[in-house]
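Observations on chain architecture
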There are 2 protein chains.
Amino acid sequence: MSRPTVHDVARVANVSLSTVDRVLNGRDGVRQATQQRVRAAMKQLGYERDIMAANLSRKRVYRIHFAIPDGPNSFMRNLAAELDSHARLALRDRTEISVSLVPPFDGRALAADLRRAREQAVDGVVMVATESAEVRQAVSDLRGAGIQVVTLISDLSASARGHFVGIDNVSAGRTAAGLLGRFCQGRPGRIAIIAGSMLVRDHVERRLGFEQVMHAEFPDLQLLPPVEGGDEAARVDELLTNVLQDCRDIVGIYSLGGGNRGLRAALDRAKSSPRPLVVVHELTDQSRAALQDGVFDAVLQQDIHKEVASALIIMRNLIEAVPVDPRTGIIHTEIFLRDNLP
Amino acid sequence: MSRPTVHDVARVANVSLSTVDRVLNGRDGVRQATQQRVRAAMKQLGYERDIMAANLSRKRVYRIHFAIPDGPNSFMRNLAAELDSHARLALRDRTEISVSLVPPFDGRALAADLRRAREQAVDGVVMVATESAEVRQAVSDLRGAGIQVVTLISDLSASARGHFVGIDNVSAGRTAAGLLGRFCQGRPGRIAIIAGSMLVRDHVERRLGFEQVMHAEFPDLQLLPPVEGGDEAARVDELLTNVLQDCRDIVGIYSLGGGNRGLRAALDRAKSSPRPLVVVHELTDQSRAALQDGVFDAVLQQDIHKEVASALIIMRNLIEAVPVDPRTGIIHTEIFLRDNLP
DNA sequence: ATGAAAGCGCTAACAA
DNA sequence: TTGTTAGCGCTTTCAT
């Protein structure tokens, strides 16, 4: 009739509740023979543990730590704000969220924070990864301590992380190229690429995907080597201004990192004609305005709200040892034109 | 220290557990004065009821009914499959899902199914809406019986539905126009529009958005009146073949409903040169192949998995009377080019 | 109008 | 190695 309980299992297996519990939770002190009987009973009845009841009884609280980059980057600021708002709601689900802001592009700083999280004995850590040996070591230590690890937005290569939540950055780069190439149609010339840092995997992957498609499908367009603006507006402005002065035949720009305020400033100052077609990442007040003004042509975006929500769901499943639906972590890259701004 | 419980409230208010419970659940049989005291205690302690514990004790099961269109349309078939897979997992969360397939574009049939759901006294109904007076009446009856209603994919206008889960279809139409217009760049000519039926709101809205942007931004392109193919491949093939014969200057096609197998067949047969640019909805085996073969140029998509997941989350919140985050229901329209196929 | 006590499914301290 | 018992926070008879 209704779902079988531990009582049913105990009765069928002819043992007490505690014995069922011991088997259920893999605690020792149960004879092999008895274990068999209990397991058989569970299978026979199709028993599935009621996690809510279990959590109630053990007064369990999930403690999840987020390590995200600090700095003026408005994308990361939004992320921090998002976490704050989730923190309140999550309490209802017995989930306690802590957040620490670590210096960006700094593997040592991130590793140090992960070490701290391990000492606090949290249940899981979610982080925006920076590639570095220290970080990989710290992650491996976390896993060793039975702490779940999820990477968010920027992944860690070949690491022992449990899951990644974010967009497919190679695909995002390819999308940018597909759009930019089609928008530039026919017009030959050069394409400038602006990155934040090649130390973070998301930027590396976007560049890779972009170049793949550009080379294969739009051979008339010649790619300049990427410049690294550290996601900072001032630096991006300076670098791009130089580029625009050096090359008068730039027909397209792909900005795959932050600092787009600087990008726009440089464009406004240069007043090229015809203006270059521009594809950037992350919808902010700046990029939205630029889209409306016809200075940017497309903005690729990842929905931070969904990313945080997915990360939390995955974390819970990981901690509860429930199988994780791989689709949960996949966030589609959203594309905004001036026509479909929300 | 840890979250206050009913016991704490009872102690502070100087009443018994049952009295606290009565106030908490709005049951009568409590003097005004006592109610005040209890409420004051709750406020003072910052009490928030533990829903999991509550559900455990009342052995509550959420019963949610889905009413979705039947038919050969592969998009709706995917939806049905998605629901099946969710049905198993949802059991873990004390949620029981029932599904019924109703004839498409048929308001009476849908209304009849809704009536049946009401008699079954389910907790909530999720439906892909068809516009009709009967349906609006049935929805209003459901709400009257305290049953939550969520529309999925296609909304109901000015109805008493609790929430809508799906993409912004006006915006999707605008996106299609933005892309098609830019892809056609310069080339003047006519644009064909293929719809399923103007009885469903999503199609109406897509058309609206498409025409808005086309008129405003691409006045060189002239729009043909939409043809209605009922989301059936054979019908779409036939209609489009006629259109292509009548007008030799078709530069673009927007298919905003189903039956894209027929669209492709007609295009393959017509062999126009240069081939028209094509934007369609829903990524299926057919449309994916057409994208790869360079017959379609962009596919707009809604992620059914996420839509079902969101609908379930919203339903639970609605039933538990927890405030619903409006962002939960908003599903972004995904855009696929040949370059970013998953 | 109010309260005492048993129980939801699971866990944990303590006996045996 | 196994079992008994008392909760977790909330709801629900059944008394008073």
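Residues numbered from 1 in each chain as written. Chains lettered and ligands numbered in written order. Predicted model: local features only at pLDDT ≥ 70, side-chain atom pairs only at ≥ 80, totals over all residues. Heavy atoms only, no water.

**Some remarks on the side chain of Glu82 of chain A**
- As for its position among the elements, Glu82 of chain A is in helix 5 (residues 74–91).
- Here Glu82 of chain A falls in the buried class, since its relative accessible area comes to 9%. (Helix = DSSP H or I, 4+ residues; strand = E, 2+ residues; numbered from the N terminus. Buried < 20%, exposed > 50% of the residue type's maximum accessible area, 1.4 Å probe, protein only.)

**Considerations on the protein's contact with DNA strand C**
- Surveying the vicinity of DNA strand C reveals 25 residues, the closest of which are Val6, Asp21, Tyr47 and Ser57 of chain A together with Ser16 of chain B.
- Measuring from a phosphate oxygen of DNA strand C, one finds a backbone N or O atom of Ser16 of chain B at 2.7 Å.
- Those elements that place two or more of their residues in the surface near DNA strand C are helix 2 (17–24) and helix 4 (51–58) of chain A together with helix 2 (17–24) and helix 4 (51–58) of chain B.
- For the surface near DNA strand C, the class distribution of residues is eight nonpolar, nine polar and eight charged. (Near = heavy atom within 4 Å. Polar contact = N/O pair within 3.5 Å; in protein donor to acceptor, adjacent residues only side chain to side chain. Nonpolar A, V, L, I, M, F, W, Y, C, P; charged D, E, K, R; others polar.)

**Observations concerning the sheet that holds strand 5 (residues 163–165) of chain A**
All names here are of chain A.
- Pairing within the open sheet is parallel, and its five strands lie in the order 2-1-3-4-5. Each end of this open sheet is capped by a strand with a single partner; those strands are strand 2 (95–102) and strand 5. Put simply, the sheet's adjacent strands are angled 20° from each other on average, direction ignored.
- With eight bridges joining them, strand 1 (residues 62–69) and strand 2 adopt parallel strand pairing. Across the sheet, Ile64 pairs through a bridge with Ile97, a residue of strand 2.
- Of the strands in this sheet, strand 1, strand 2, strand 3 (124–127), strand 4 (148–152) and strand 5 are in contact with helix 13 (residues 304–319), which crosses strand 4 at around 160°. (Pairing = 2+ DSSP bridges. Axes fitted to C-alpha atoms, helices over the stretch in contact; angles between N-to-C directions. Contact = heavy atoms within 4.5 Å.)

**What about the protein's contact with DNA strand D?**
- Neighbouring residues of DNA strand D: 25 residues in total, closest Ser18 of chain A together with Val6, Asp21, Tyr47 and Ser57 of chain B.
- Here, DNA strand D places atoms within 4 Å of the protein, and 67% of those atoms are sugar or phosphate.
- In this structure, a phosphate oxygen belonging to DNA strand D sits 2.6 Å away from a side-chain N or O atom of Asp21 of chain B.
- In the model, a base nitrogen of DNA strand D is placed 3.4 Å from a nitrogen or oxygen of the Ala53 of chain B main chain.
- Here the surface near DNA strand D gets four residues from one element, more than from any other, and that element is helix 4 of chain B.
- Broken down by class, the residue content of the surface near DNA strand D amounts to eight nonpolar, nine polar and eight charged.

**Details of unusual backbone geometry**
Residue and element names in this part refer to chain A.
- Residue Pro274 is bonded to the preceding Ser273 through a cis peptide linkage, with omega at 0°.
- Mapped onto the secondary structure, Pro274 falls in the loop between helix 11 (260–270) and strand 10 (277–281).
- In this structure, Phe105 is a non-glycine residue whose phi angle is positive, near 55°.
- When its relative accessible area of 26% is taken as the criterion, Phe105 is described as partly exposed.

In short, the description is geometric, and any link to function would need to be established separately.
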